[in-house]
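# What the coordinates show
Spelled out, the chains give:
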Amino acid sequence: MLVVEDEPTINQAVTDRLRAEGYTVHQAYDGPAAVEAFGVHEPDVVVLDVMLPGFDGLEVCRRIQAVRPVPVLMLTARDDETDILIGLGVGADDYVTKPFRMREVVARTHALLRRVERAAELAAAPAATTDLGALRIDGPARRVTVDGADVHLTPLEFDLLAALAATPGAVRSREQLMSEVWGWSDASGTRTLDSHVKSLRAKIGAARVRTVHGVGYALETP
């Protein structure tokens, strides 16, 4: 794993806890060093602070995702929806807001690793192409178009859309989606799910994903 945090105390505390869980952990304290460390160590998960010297965590996320898709857990000091949506839009998978509990960071990183394993299983399975009016989801190519125009989704956004498209029109509970897409065994990460749904709506059209309050979401059929 790679931990990127400019505050030495927080960086070391996160690093120590992840090492205690059995992970090999490398550290970086600013944007340029994070990108360099990513290229050298090729981590499986990146724990990434948003506010960094050099350039910020959002730019780090853009640069590393351009090299190789990797799960990213953002650490943010502000529970600001705009910042969170921007982070998810450049490839972050999940976020925790400071101050956070170490066990929450550990649980989220475990879940990200499970999601990578789940994504590999889904990629190996036969994938279908789904047409829902103007929306086309090409499973084998992992490509989405609306009215013939490409829609650029992050890997996690595609997996979320594919999970909804598996049963068009049917309501999928938050628990089902968190389990299938993130690998979570409970609903403790539903704020992350809700943020990803908002990002997905912005890209494919808000009306295409219906909220069923208190239950979950459904992908609308024409």
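What counts, and at which threshold
Residue positions are given per chain, counting from 1 as you read along its sequence in written order. Local features in this predicted model are restricted to residues whose pLDDT is 70 or higher, and side-chain atom pairs enter the listing and the counts only when it is 80 or higher, whereas totals over whole chains, interfaces and linings include all residues. Only hydrogens and water are set aside when side-chain values are computed; all heavy atoms of the structure are taken into account. Each helix corresponds to a stretch of at least 4 residues labelled H or I by DSSP, and each strand to a stretch of at least 2 residues labelled E; elements are numbered beginning at the N terminus. Throughout, exposure labels follow a simple rule: accessible area from a 1.4 Å probe, protein chains only, divided by the maximum for the residue type, with under 20% read as buried, over 50% as exposed, and the rest as partly exposed. For two strands to be treated as a pair, DSSP must find at least two bridges joining them. Here, residues are in contact when the closest pair of their heavy atoms is within 4.5 Å. The split into domains, and so the bounds of each, comes from an automatic or database assignment of domains. The term buried area denotes the loss of accessible surface (1.4 Å probe radius) that occurs when two parts are joined, taken as the sum for both partners. The convention used is that axes are lines fitted to C-alpha atoms, helices contributing only their stretch in contact, and that angles between N-to-C directions extend from 0 to 180 degrees.

## Notes on the side chain of R108
Locating R108 in the fold gives a position in helix α5 (residues 102-124). The class of R108 is buried, set by a relative accessible area of 7%.

## Side note on the pairing of strand β6 (residues 129-132)
Judged by which residues are buried, β6 turns out to be one-sided: T130 and L132 face inward and are buried, whereas T129 and D131, on the alternate face, are not. If you look at the hairpin formed by β6 and strand β7 (residues 135-138), you'll find two residues sitting between the two strands, and G133 has a positive phi there, around 65 degrees.

## Remarks on the side chain of Q65
With respect to the element layout, Q65 can be found in helix α3 (residues 57-67). Of the residues examined, Q65 reaches a relative accessible area of 16% and is grouped as buried. Apart from the residues within four sequence positions on either side, Q65 is in contact with V70, V72, V90 and G91.

## Some remarks on the domain arrangement of the chain
Here the chain is described as being made up of domain 1 (2-119) and domain 2 (126-219). On a C-alpha basis, the centres of domain 1 and domain 2 stand 24 Å from each other. Every contact between the two is made by 19 residues of domain 1 and, on the other side, 19 residues of domain 2. Surface buried jointly by domain 1 and domain 2 totals about 1,500 Å² across both partners, of which 49% is contributed by carbon and sulfur atoms.

## Focus on the environment of V72
Within the secondary structure, V72 is located in strand β4 (residues 72-76). Given a relative accessible area of 0%, V72 falls into the buried group. The sequence separation of V72 and L164 amounts to 92 residues, and the corresponding C-alpha distance is 23 Å. The residues touching V72, leaving out its near neighbours within four places in the chain, are V46, L48, C61, I64, Q65, G91, A92, D93, D94 and L112.

## Regarding the sheet that holds strand β12 (residues 216-219)
Across the sheet, which stays open at both edges, the three strands sit in the order β10-β12-β11 with antiparallel pairing between neighbours. Every other strand in the sheet has two partners, leaving β10 (172-173) and β11 (209-212) as the edge strands with one partner each. Of the strand pairs in this sheet, β10 and β12 are connected by two bridges, and their pairing is antiparallel. Within β12, the residue paired with S173 across the bridge is G216. The strands touched by helix α6 (residues 155-165) within the sheet are β10, β11 and β12, with β12 carrying the most contacts at an inclination of about 80 degrees.

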